[in-house]
Amino acid sequence: MYAQMVKTDGTGIKSSEQMTPEERAFQERIDADSRIEPKEWMPAGYRKTLIRQISQHAHSEIVGQLPESNWVTRAPTLERKAILLAKVQDEAGHGLYLYCAAETLGISRDEMFEQLHSGRAKYSSIFNYPTLSWADIGTVGWLVDGAAIMNQVPLQRTSYGPYARAMVRICKEESFHQRQGFHIMMQMAKGTEAQRRMAQDALDRFWYPALMMFGPSDADSVHSAQSMAWKIKIDTNDGLRQKFVDQTVPQAEYLGLTVPDDKLAWNADKFGEGKGGYDFSEPDWDEFFAVISGDGPCNAERLGARVKAWEEGAWYREGLMANAAKQADRQPAQAAA
């Protein structure tokens, strides 16, 4: 997912007896799979948790343009340039949908940007790794967008209406991004020996950061239970990670690439014994916590690029506001005429 370690404001899951009548009625609606809309009553903790999750998701879409945008001019063909440019544009649109969804909860876009630029708001750890080769762009589409789809498809059933509806279009577009990345990897894997080595190197470097996208182990994810009770979050971190590995390993085998995990093994026999999925190594969680806290390979570069873009775009935003004010002043005069 593009949101990791989202804190809830609750003090733990309340029993029915501990809830106020309003909270009890709200939870009954959640349990009945009803959608909550912006003007309806909701607990303060639910609202704050949603703001954190949706804004972190939006920030991730916007920052996620950066590792790919520097390859638009270096893509190997004109067609690849056009496809990558369209993908980067899609990610900007995803951020827009999500910022709009968050704004329905009472937070302004300027406030969300300030939280990002000051470092108070997080974005997905995966975007703090460099894209060193064209194969990295394929791997980002294949693994990163694949992991995003794994989590975001269930979020179409999340309890908050604007968030769930935003995910419908986002998931459709992400599926194209994943296919685009896998196609790049297919071409690399069928290419020269140097291209195959490049593809394997990209997989080696992005495999574990992709596994980290689902967040820490459930044992260390102290806020998941409340988010799942509110159906802000649909699946557990470990469950999604297992599903991702089970679906992705056969794809790597099809490409003729090797997943960089000596412990990777299918855990089931012909009689159906075992878990029916792959055993695999855990990511380096110390690395994950360091990167998500700002100490990754590209944290300073990514955040610096966003702040620079914001500051250099101030003149344009001021022009838009001045034009809007001018139009507002003209309306009374036109109405009187």
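A brief structural summary. This is a predicted model, so every value here is computed, not measured.

1. A few points about helix H12 (residues 299-312)
And then number 1: An ideal rise of 1.5 Å per residue puts 20 Å on 14 residues; H12 measures up with 20 Å between its terminal C-alpha atoms.
And then number 2: Taken as a whole, H12 has its buried residues at Asn-299, Arg-302 and Arg-306. Considered in projection along H12, the buried side chains sweep an arc of 85 degrees and stay on one side of the axis. Summarising the geometry of H12, the exposed residues directed more than 90 degrees from the buried face are Ala-300, Glu-301 and Glu-311.
And then number 3: Contacts made by the buried residues of H12 are with helix H2 (44-63), helix H3 (66-69), helix H5 (109-117) and helix H11 (285-292).

2. Notes on the nonpolar core
And then number 1: Trp-134, Trp-142, Leu-143, Trp-207 and Phe-244 are the most contacted members of the largest nonpolar core, which totals 48 residues.
And then number 2: Counting only elements with at least two residues in this core, the list comes to helix H4 (78-103), helix H6 (134-155), helix H7 (161-189), helix H8 (193-212), helix H10 (237-255) and H11.
And then number 3: Ranked by residues supplied to this core, first place goes to H6 with nine residues.
And then number 4: Here Phe-244 is in contact with Leu-143, Gly-146, Ala-147, Met-150, Trp-207, Ala-210, Leu-211 and Phe-214, once residues within four sequence places are set aside.
And then number 5: By size, the runner-up hydrophobic cluster in this structure holds 26 residues, among which are Ile-36, Ile-51, Met-112 and Tyr-163.

3. Looking at the packing of aromatic side chains
And then number 1: This model, assessed by the stated rule, comprises 14 aromatic pairs.
And then number 2: With a centroid separation of 6.3 Å and 55 degrees between ring planes, the pair formed by Trp-71 and Trp-134 is classed as tilted. Taken together, the residues span a long stretch of sequence, with Trp-71 in the loop between H3 and H4 and Trp-134 in helix H6 at a distance of 63 residues.
And then number 3: Members of the aromatic cluster, connected to one another through ring pairs, are Phe-26, Trp-41, Tyr-46 and Trp-230.
And then number 4: Taking NZ or CZ as reference, Arg-74 lies 4.0 Å from the ring centre of Trp-71, over its face.
And then number 5: Taking the ring centre of Trp-310 as reference, the NZ or CZ of Arg-317 above it sits at 3.5 Å.

What counts and how
Residues numbered from 1 in each chain as written. Predicted model: local features only at pLDDT ≥ 70, side-chain atom pairs only at ≥ 80, totals over all residues. Heavy atoms only, no water. Helix = DSSP H or I, 4+ residues; strand = E, 2+ residues; numbered from the N terminus. Expected span 1.5 Å × (residues − 1). Buried < 20%, exposed > 50% of the residue type's maximum accessible area, 1.4 Å probe, protein only. Arc of directions from axis to C-beta. Contact = heavy atoms within 4.5 Å. Core = buried A, V, L, I, M, F, W, Y, C linked by side-chain atoms within 4.5 Å. Phe/Tyr/Trp six-rings, centres within 6.5 Å; stacked < 30°, edge-to-face > 60°. Lys NZ or Arg CZ within 6 Å of the ring centre and 35° of its normal.

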